Amino acid sequence: MISYFTCLGKYKTFSGRATRSEFWGFTIFNAIIIALLAYFYLNAQKEYQVIATVIFIAYIVLTICPALAVMSRRWHDLGRTGKWLFLNLVPGVGSVVSLCFMLGQGE
């Protein structure tokens, strides 16, 4: 959870390095929050679906920049440029290759 708040604090820092534990701490905690928000959205009663939708979309929008920043710093830790995060835009293969790199040990 400390990694999560560290990454939120460094939301505009695309330079430097992010350790494997910092990256995965943020990513896993972020995924848990998104899963919980999706669960509440899917199970909300009709009168609360609009509120659940707004909260879900707002969270995604607010955490996209910190997620990209920590991924860029993680690429730097792996000895590559942060531009490698665009690899995730390649359907299918790009995300798998990126995941394999993210599991690796940094320099």
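## Examining helix α2 (residues 20–42)
For α2, spanning 23 residues, the distance from its first C-alpha to its last is 32 Å, which sits close to the expected 33 Å at 1.5 Å a residue. What α2 keeps buried is the set Glu 22, Phe 23, Phe 26, Asn 30, Ile 33 and Leu 37. Those residues of α2 that are buried are in contact with α1 (2–9), α3 (49–77) and α4 (93–103).

## What to know about the state of the cysteines
Inspection of the entire model under this criterion finds 0 disulfides. The thiol of Cys 7 is not disulfide-bonded; the next cysteine sulfur, from Cys 65, is found 12 Å away. Classification of Cys 7 as buried rests on a relative accessible area of 0%.

## Some words on the environment of Leu 8
Within the element layout of this structure, Leu 8 appears in helix α1. Leu 8 gets classed as partly exposed once you look at its relative accessible area, which sits at 27%. On a C-alpha basis, the gap between Leu 8 and Ser 72 in space is 14 Å, while along the polypeptide they are 64 residues apart.

## Looking at α1
Among the residues of α1, those classed as buried are Ser 3, Tyr 4 and Cys 7. Taken around the axis of α1, the buried residues stretch over an arc of 105°, which confines them to a single face. Opposite the buried face of α1, by more than 90 degrees, sit the exposed residues Ile 2 and Gly 9. Contacts from the buried residues of α1 go to α2 and α3.

## Describing the environment of Ser 3
With respect to the helices, strands and loops of the structure, Ser 3 is situated in helix α1. In this structure the C-alpha to C-alpha distance between Ser 3 and Ala 31, which are 28 residues apart in sequence, comes to 13 Å.

## Section: the packing of α3 against α4
Taken N-terminus to C-terminus, the directions of α3 and α4 make an angle of 65°; their axes are 10 Å apart at the nearest point. For the pair α3 and α4, the crossing hand works out as left-handed. Facing α3, whose interface residues are Met 71, Arg 74 and Trp 75, α4 presents Ser 98, Phe 101 and Met 102. A class-by-class count of the residues in the contact of α3 with α4 yields 4 nonpolar, 1 polar and 1 charged.

Thresholds, definitions, all that
Residues numbered from 1 in each chain as written. Predicted model: local features only at pLDDT ≥ 70, side-chain atom pairs only at ≥ 80, totals over all residues. Heavy atoms only, no water. Helix = DSSP H or I, 4+ residues; strand = E, 2+ residues; numbered from the N terminus. Expected span 1.5 Å × (residues − 1). Buried < 20%, exposed > 50% of the residue type's maximum accessible area, 1.4 Å probe, protein only. Contact = heavy atoms within 4.5 Å. Disulfide = S-S within 2.5 Å. Arc of directions from axis to C-beta. Axes fitted to C-alpha atoms, helices over the stretch in contact; angles between N-to-C directions. Left-handed = near helix turned anticlockwise from the far one by under 90°. Nonpolar A, V, L, I, M, F, W, Y, C, P; charged D, E, K, R; others polar.

Note that all results are geometric; they support no functional claim without further evidence.
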